Amino acid sequence: MRSARRFDHAVFVVDTLEGARAALTALGFTVAPDARHPFGTENACVFLADGSFIEPLAVGHRETCEAAAKAGNAFVARDQAHRFRIGTPSFSAIALRSDDADGDAQDFEEAGYGVGERLNFGRDFRTPDGKGARLEFALAFARDLRAPDVSFFACQSVHSFKPDRSSLIAHENGAIGIARLVLSEPNPTDFQYYLQTVTGDREIDADSFAMTLKAGDTMLEVATPDALALRYGAKRDASRGLFFEGIVVAVRSLETVRPFTRDARELQGRLVVPLGPQSFIAFEECGR
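Conventions and cut-offs
- Residues numbered from 1 in each chain as written.
- Predicted model: local features only at pLDDT ≥ 70, side-chain atom pairs only at ≥ 80, totals over all residues.
- Heavy atoms only, no water.
- Helix = DSSP H or I, 4+ residues; strand = E, 2+ residues; numbered from the N terminus.
- 1 Å grid on protein atoms, 1.4 Å probe; cavity = no way out; pocket = protein on both sides within 12 Å on 5 of 7 lines; lining within 4 Å.
- Points joined across faces, edges and corners; volume = space filled by probe spheres on them.
- Nonpolar A, V, L, I, M, F, W, Y, C, P; charged D, E, K, R; others polar.
- Salt bridge = Lys/Arg side-chain N within 4 Å of Asp/Glu carboxyl O.
- Buried < 20%, exposed > 50% of the residue type's maximum accessible area, 1.4 Å probe, protein only.
- Contact = heavy atoms within 4.5 Å.
- Disulfide = S-S within 2.5 Å.
- Pairing = 2+ DSSP bridges.
- Phe/Tyr/Trp six-rings, centres within 6.5 Å; stacked < 30°, edge-to-face > 60°.
- Lys NZ or Arg CZ within 6 Å of the ring centre and 35° of its normal.
- Axes fitted to C-alpha atoms, helices over the stretch in contact; angles between N-to-C directions.

## Describing unusual backbone geometry
Comment: phi is negative for the bulk of residues other than glycine, and the bulk of peptide bonds are trans.
Right, so step 1: The step from Thr88 to Pro89 runs through a cis peptide bond, and the omega angle for that step is -5 degrees.
Right, so step 2: Within the secondary structure, Pro89 is located in the loop between α3 (74-85) and β6 (90-98).
Right, so step 3: The phi torsion at Gln268 lies on the positive side, around 50 degrees, for a residue other than glycine.
Right, so step 4: Structurally, the position occupied by Gln268 is in the loop between β15 (265-267) and β16 (270-274).

Dropping the structure here:
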């Protein structure tokens, strides 16, 4: 197994980017301009100072997406399956940062969690001063058939160009990073080996309420339904499999967030904001 993989971004499936932009802006986030993938999906990301980001993902052109899925595009096929099974808005996928997508694909396959699903793609990018550039990515997917409702993939930036996002990582709510990714499962340790494979973290912390692993500076928490309700006020029945419930955003002060989260619930030192019936964003103070 390669060295531990850092968390890169969380995919948040939505009906429209317009609606997602309005909701996230209301929470005090700066949202990047819309961007389109060559296979029909589109995003409007929230970039954070720790290098991670939230990717609201919408279907920009349905016919292109359907054709891509039929042609074997794993990203689109998984997105369509998630929208059908779980609906929107909801968190659907966790991307880990990669320096070698080919090697990651080999790791996943050797561990029994790879099925040869790979994706290489690029898109054009325009800088604020009007200059054009090309962004290229390589993705390698892991899969556990017991958990069809959350995807994990390694994401390698193949291009050398680094976009200037300094104006996009300043947020009125004081967000500086993603501290925690929250999943649920009645028996979290049933997925210990799968999650150790995708994160590369060989250590776990587990008790009767949850299991946690590290993906760089971000914790990956798999909570039981009872722990999920206690810690985040979220409801989940005893259905088996992993479900990606929400994210915890690190902020320097909860007081900065409060004006944007007047309807939030305060639980265990966090402000928790529901994003539809099956997802949430929580905020907690962090000493990063």
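Picking up where we left off.
## Brief notes about the layout of surface pockets
Empty space among the atoms becomes visible once a probe the size of a water molecule is rolled across them.
Right, so step 1: Of the volumes computed, that of the largest pocket is approximately 1100 Å³.
Right, so step 2: As for the largest pocket, its lining consists of 44 residues, of which Phe47, Phe53, Phe137, Pro163 and Arg165 are closest to the centre.
Right, so step 3: Only β1 (7-13), β5 (53-59), β6, β7 (118-126), β8 (132-142) and β9 (151-157) provide two or more residues apiece to the lining of the largest pocket.
Right, so step 4: For the lining of the largest pocket, the per-class residue count stands at 22 nonpolar, 11 polar and 11 charged.
Right, so step 5: A volume near 340 Å³ is recorded for the second largest pocket.
Right, so step 6: Forming the walls of the second largest pocket are 25 residues, and the residues nearest its centre are Ala77, Arg78, Ala81, Pro148 and Ser151.
Right, so step 7: Mapped onto the lining of the second largest pocket, the elements with two or more residues apiece are α3, β6, β8 and β9.
Right, so step 8: Sorting elements by how many residues they give to the lining of the second largest pocket places α3 first, with 8 residues.
Right, so step 9: Within the lining of the second largest pocket, the residues separate by chemical class into 15 nonpolar, 3 polar and 7 charged.

## A short note on the pattern of salt bridges
Right, so step 1: Taken as a whole and judged by the stated rule, the model has 21 salt bridges.
Right, so step 2: Measuring nitrogen to oxygen at the nearest pair gives 2.4 Å for the salt bridge that ties Glu117 to Arg78. Of the two residues, Glu117 sits in the loop between α4 (101-110) and β7 while Arg78 sits in helix α3, which places them 39 residues apart along the sequence. Grouping residues by exposure puts Glu117 and Arg78 together as buried.
Right, so step 3: Salt-bridge contacts for Glu255 lead to Arg258; the nearest nitrogen and oxygen are separated by 2.9 Å.
Right, so step 4: Salt bridges sharing partners connect three or more residues here, namely Arg5, Asp104 and Asp107.

## Focus on helix α5 (residues 192-199)
Right, so step 1: Within α5, 7 of the 8 residues are buried, which leaves the element mostly enclosed by the surrounding structure.
Right, so step 2: Turning to α5, its buried residues are Gln192, Tyr194, Leu195, Gln196, Thr197, Val198 and Thr199.
Right, so step 3: Buried-residue contacts for α5 involve β6, α4, β8, β9, β12 (210-215) and β13 (218-223).
Right, so step 4: Backbone geometry just after α5 places Gly200 at a positive phi near 80 degrees.

## Some remarks on the state of the cysteines
Right, so step 1: Scanning the entire structure with this criterion turns up 0 disulfides.
Right, so step 2: Left unpaired, Cys45 is separated from the closest cysteine sulfur, that of Cys155, by 11 Å.

## Regarding the pairing of strand β10 (residues 175-184)
Right, so step 1: Most of β10 is tucked away, with 10 of its 10 residues classed as buried.
Right, so step 2: Pairing analysis gives 8 bridges linking β10 to strand β14 (residues 243-251), with the strands arranged antiparallel. Looking at the pairing, Arg180 lines up with Val248 of β14.
Right, so step 3: With 5 bridges joining them, β10 and β13 adopt parallel strand pairing. Of the residues in β13, the one forming a bridge with Leu183 is Val222.

## Section: the packing of aromatic side chains
Right, so step 1: Applying the stated criterion across every chain yields a total of 12 aromatic pairs.
Right, so step 2: Plain terms: the ring middles of Phe141 and Phe153 are 5.2 Å apart, the flat faces sit at 40 degrees to each other, and that makes the pair tilted. Here Phe153 lies in strand β9 and Phe141 lies in strand β8, a separation of 12 residues in the sequence. Side by side, Phe141 and Phe153 carry an identical accessibility label, which is buried.
Right, so step 3: One aromatic cluster in this structure is built from Phe39, Phe75, Phe121, Phe137, Phe141 and Phe153.
Right, so step 4: Stacked on the ring of Phe243, the Lys or Arg Arg236 has its end atom at 4.0 Å from the ring centre.

## Describing the sheet that holds β12
Right, so step 1: What the 8 strands build is an open sheet, ordered β11-β12-β13-β10-β14-β17-β16-β15; its pairing is mixed. Lying at the two open borders of the sheet, with one neighbouring strand each, are β11 (205-206) and β15.
Right, so step 2: Together, β10, β12, β13, β14, β15, β16 and β17 (280-285) form the strand contacts of helix α6 (residues 225-232), whose direction differs from that of β13 by roughly 125 degrees.

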